[in-house]
Amino acid sequence: MSYPIEVALRYLGSKKRAFISVGTTFAILGVALGVAALATVMSVTGGFQAEFREKVLGVNAHVLVIKYSTDFREYRSIMEQVSKVPGVVGVAPFSINPMMLTHGDATATGVLVKGVDPARSLGVGAEGASTAVLDLPRHILPGGDLAGLRRPGSKPAERAVPSLPEVPLLEPDAGARGALAPDAGAEIDLLKAYEARILEDERAAAARDAALTPATTRAAEAEGAPGAGAEEAEAALDEGAPRGAIEPQGGYGSVLPDDDELPPEVDPDPCADKEQIARMPGIVIGAALAKNLSLDLGQCVTVTSPTIGFSFANGAIKPPVAKRFRVIAIFEAGFEQYDTKLAYADLYETQAFYDQGDTVTGVEMKVDDIDNASGIAREISKLLGSGLYYTMDWEELNHGLFTALRIQQIGMSAVLALIIVVAAFTVIATLIMVVLDKKKEIAVLKAMGATDGAVLRIFLYQGGIIGVAGTTLGLLLGVAVCKGLLVYGFPLDPKVYFISRLPVQARPQEFLITGCIAILICLAATIVPSLYAARLRPAEGFRAQ
């Protein structure tokens, strides 16, 4: 061992021959607290990122392909193309739409009902070595069974074709024949034919009104004319109309019931019949949503499209579409936003809510390495470079969440790193006091032939030992705090933080980075006192004597 290290270890002690001086103790404790705080915060913020990533990937795919148009009927060919991209291990279509779920008197709005292919998306009844795109099955609570998600004999929805009026036939006269000749104004004659048809319909309607008016007038005259008999009034009625006195059963003094409810024999409730419930399509809902709707396995829930009144689409006026589903499974992703606002149903069943036929919202994929999902998404985007499709990966899909978490980790780490900087000033103060206290010894060493470099190394070693000791103690303290948080768990409000417990992920590389930064800061803090001691002349050390 060289004498600079021996002298540095000796200077760490006190004049009273204690193991370590008070100044050195506080310097080590300051570094240790800063390192422990920084390591703990990095582990907690990293735990948040890992937890949210696990929750997001538990119910979502790694890469999505979405068409800019709502008419995505060519999804099968897109699936075949993207399945050949290296790194893609699973492909499945999906549709997602906001719906309203009702059970009894409880209603949940804004619920996203996702239509999935049971075999491709969840691996239910999959043949061969196909990989399920979603990890939903491992989040299913005990008792749930995904096998009933698709009913036997189900097939894709058919596109509703609106009924168009018949094209009027042109009269086979010379004018029409000339009009139908090329470049002879066929469109003008066609418009004239439509106009003739409209006029004909108007004349027919006027004739019907004229035929009804005399009968109505005669009925009014028969009723008001003196001496007119009931026979004339009845003769004015249409054939098949009820004749004679009509009085409701119970008379006109009957009272309607207060509750506007029809008896079961008039309007039977399908949700009250177990046989009808067993024939309903299956649906998978979140645990929090099931609690809010008081739903349990095997019960019936009504899913309604959230349209107000009638809507016009595809040339037809449609009322809101409502379908009844049977709860076959309940999942708990541990993410409050998913557990309350997400449900899964068969793709073929969800297509029936919108008369678009066999169309989907997009195609989702699972990749072998989630960290390479962005690169695979770029390759797929180049493959489908027609401008009709948009490709995104799981991190882009949740860009706001993960960006906020990353900024939070960087910001909190930078703030807590200031604790180590403050501790470094304690190291500087300790070394300066040692240099001022050891001027005589330094002068003796230099008079005996010690070089400036040797004196410089003495105090660099002293600062390095303080840094290493404080860093080691801080890392051990950080590991103990992280283990305590994992064992006992710090409760969180899931409505605020989306998770119920404080997540901690103690990764060795983060602890190693924290330790290296702390040691470098401590070594940098020793430069000024070490240079001052190295430049001290022997005469200056003995001048005070």
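Quick note: structure is the one above.
A few points on the structure. Note that the coordinates shown come from a computational prediction; the quantities given were computed from them, not determined experimentally. Numbering of residues begins from 1 in every chain and follows the order in which that chain's sequence is written. Whole-chain, interface and lining totals are the exception, using all residues; otherwise, since this is a predicted model, local features are given only for residues with pLDDT of at least 70 and side-chain atom pairs are given and counted only at 80 or more. Side-chain metrics in this entry use all non-hydrogen atoms of the structure; hydrogen atoms and water are not considered.

1. Quick notes on the overall build of the chain
Helix and strand content of the chain: 20 helices and eleven strands. Buried residues in the chain amount to 37% of all 545 residues. Residue contacts are counted whenever heavy atoms from the two residues lie within 4.5 Å of one another. In the chain, the proportion of contacts linking residues at least 24 apart, taken out of those at least 6 apart, comes to 76%. When the accessible surface of the chain is split by element, carbon and sulfur atoms take 60% of a total near 31300 Å². Numbering of helices and strands starts at the N terminus; helices are DSSP runs of H or I of at least 4 residues and strands are runs of E of at least 2. In this scheme, a residue with accessible area under 20% of its type's maximum is buried, one over 50% is exposed, and one in between is partly exposed, where area comes from a 1.4 Å probe on protein chains only. Computed by Shrake-Rupley with a 1.4 Å probe, the accessible areas treat only the displayed protein chains as cover when residues are assessed.

2. Here's the deal with the packing of helix H2 (residues 22–59) against helix H18 (residues 508–525)
One can describe the packing of H2 onto H18 by two numbers: an axis separation of 10 Å at closest approach and a directional angle of 150°. In terms of orientation, H2 lies roughly antiparallel with respect to H18. Judged by the twist between their axes, the crossing of H2 over H18 is right-handed. Residues Val31, Val35, Leu38, Ala39, Met42 and Ser43 of H2 touch H18, and the partners they reach there are Glu510, Phe511, Thr514, Ala518 and Cys522. Basically, the charged four are Asp, Glu, Lys and Arg, the nonpolar ten are Ala, Val, Leu, Ile, Met, Phe, Trp, Tyr, Cys and Pro, and anything else, Gly included, counts as polar. Partitioned by chemical class, the residues of the contact of H2 with H18 number eight nonpolar, two polar and one charged. Axis lines are fitted to C-alpha atoms, over the contacting stretch for helices. Their N-to-C directions set the angle, which ranges from 0 to 180 degrees. Reported orientations rely on four angle classes, namely roughly parallel under 35 degrees, roughly antiparallel over 145, roughly perpendicular from 65 to 115, and oblique for the rest. By convention, the crossing between two helices is left-handed when the near helix turns anticlockwise from the far helix through less than a right angle, and right-handed when the turn is clockwise.

3. Things to note about helix H1 (residues 3–12)
Those residues of H1 lying buried are Pro4, Val7, Ala8, Tyr11 and Leu12. Looking down the long axis of H1, one finds its buried residues gathered within 145° of arc, a one-sided arrangement. Directions are taken from the helix axis to each C-beta atom, and the arc is the one they span.

4. Thoughts on the layout of surface pockets
Points on a 1 Å grid over protein atoms alone make up a cavity when a 1.4 Å probe fits among them but cannot get out, and a pocket when they form an open set with protein on both sides within 12 Å along at least five of seven lines; lining residues each have an atom within 4 Å of a point. Grid points are joined across faces, edges and corners, and a volume is the space filled by probe spheres set on the points. Approximately 420 Å³ is the volume attributed to the second largest pocket. As for the second largest pocket, its lining consists of 21 residues, and the residues nearest its centre are Asn60, Leu112, Tyr338, Leu397 and Asn398. Secondary structure elements with two or more residues in the lining of the second largest pocket: strand E1 (63–67), strand E2 (88–103), strand E3 (106–116) and helix H10 (336–341). Top contributing element to the lining of the second largest pocket by residue count: H10, with three residues.

5. So, the pairing of E1
Of all five residues in E1, four are buried; the element is thus mostly enclosed. Strands were regarded as paired on the criterion that DSSP finds at least two bridges between them. Bridge count for E1 against strand E10 (residues 362–367) is four bridges, and the pairing is antiparallel. In the strand pairing of E10, Val65 is matched with Val363. Looking at chain direction, E1 and strand E11 (residues 389–393) are connected through five bridges and run antiparallel.

6. Looking at the side chain of Glu364
Tracing the chain through its elements places Glu364 in strand E10. Here the side chain of Glu364 touches Lys114 through a polar contact of 3.0 Å, side chain to side chain. Once residues within four sequence positions are removed from consideration, Glu364 is found in contact with Ala61, Val63, Leu64, Gly90, Val91, Ala92, Phe94, Lys114, Ser121, Val133 and Leu134. Each polar contact in these results corresponds to two N or O atoms within 3.5 Å; when the atoms are within protein, one needs to be able to donate a hydrogen and the other to accept it, and residues that are neighboring in sequence are counted only if both atoms are side-chain atoms.

7. Thoughts on the side chain of Asp393
Among the secondary structure elements, Asp393 is positioned in strand E11. It turns out Asp393 is buried and unbridged, and the closest side chain with the opposite charge, Arg378, is 7.0 Å from it. Here the side chain of Asp393 touches Glu395 through a polar contact of 3.2 Å, landing on its backbone nitrogen. Beyond its immediate stretch of four places on either side in the chain, Asp393 contacts His62, Val63, Ala373, Ser374 and Ala377. Note on charges: Lys and Arg go in the positive column, Asp and Glu in the negative column, and His and the chain ends are not counted at all. What makes a salt bridge here is a side-chain nitrogen of Lys or Arg within 4 Å of a carboxyl oxygen of Asp or Glu, nothing more.

So far we have only geometry, and geometry alone does not tell us how the molecule works.
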